[in-house]
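# Architecture and fold: a report
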Amino acid sequence: MSLSRSLTIAQLNPDGSVPIPPAPDAAANAAAQALAREAQFDALQAKVVALEEVLAKPLTDILADRSKALEAASAWDAFGAMWMLSQRAMRQVAMDLAAQLGVSEAEVVARALANANRVLNTEDEDLGGTIAPVQLAHIARHKPYLRKQFR
């Protein structure tokens, strides 16, 4: 290959200055930015399509979905209130029975925590058959959270 084939003669700018070619890194950065803009555009398009699907529904359907969510949240709230009430009632029963037997409140609480920890930390613990297998499975799914509560 001769030297004349690999030479390029630069055309001068209209003002007579010599053009400065863009650095290769600048071209790579420009390409990366273009790809990022394209990805952002695609993500925005997907959001627009999802919003259009929601907005294409009749308003009654949109409001029905919201009311179903509110109804479910209300049911969970009522369940939580019922659970708290039952826990307070069972605690009072335990304290009344403990008082009849001469057992202190601190000892009752210590026994409750010991039982809770035994259930949490022993895989086959069922407290003498008083906890159903379904309940044990539910407890097992939430053990990391429950262990934080019973430290």
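Use the structure listed above.
The sections below set out a description of the structure shown in this document. Note that the structure is a prediction, hence the values are computed from the model and not measured.

Reading the values: the criteria
- Residues numbered from 1 in each chain as written.
- Predicted model: local features only at pLDDT ≥ 70, side-chain atom pairs only at ≥ 80, totals over all residues.
- Heavy atoms only, no water.
- Salt bridge = Lys/Arg side-chain N within 4 Å of Asp/Glu carboxyl O.
- Helix = DSSP H or I, 4+ residues; strand = E, 2+ residues; numbered from the N terminus.
- Buried < 20%, exposed > 50% of the residue type's maximum accessible area, 1.4 Å probe, protein only.
- Phe/Tyr/Trp six-rings, centres within 6.5 Å; stacked < 30°, edge-to-face > 60°.
- Expected span 1.5 Å × (residues − 1).

Before going further, it helps to spend a moment on the pattern of salt bridges. Under the definition given, this model contains 2 salt bridges. A salt bridge links Glu105 to Arg91; the nearest nitrogen and oxygen atoms lie 2.6 Å apart. Of this pair, Glu105 sits in helix H4 (residues 105-121) while Arg91 sits in helix H3 (residues 59-101), and the two are 14 residues apart along the sequence. For Glu105, a relative accessible area of 44% gives the class partly exposed. Residue classification places Arg91 among the partly exposed residues on the basis of a relative accessible area of 41%. Between Glu107 and Arg111 there is a salt bridge, with its nearest N and O atoms 3.0 Å apart. Note that Glu107 and Arg111 are positioned in helix H4 at a spacing of 4 residues, about one turn of the helix. Judged by its relative accessible area of 36%, Glu107 is partly exposed.

Let us look at the packing of aromatic side chains. Evaluated as defined, the whole model comprises 1 aromatic pair. Plain terms: the ring middles of Trp76 and Phe79 are 5.7 Å apart, the flat faces sit at 85° to each other, and that makes the pair edge-to-face. Of this pair, Trp76 and Phe79 are both found in helix H3, 3 residues apart, which corresponds to roughly one turn of the helix. Judged by relative accessible area, Trp76 falls into the exposed class, the value being 64%.

This part takes up H3. Every α-helix carries 3.6 residues per turn, so stepping three or four residues along brings you back to the same face. Spanning 43 residues, H3 covers 63 Å between terminal C-alpha atoms, matching the ideal 63 Å at 1.5 Å per step. Phi turns positive one or two residues past the end of H3, at Gly102, with a value near 80°.

In short, shape yes, function no, at least from these values alone.
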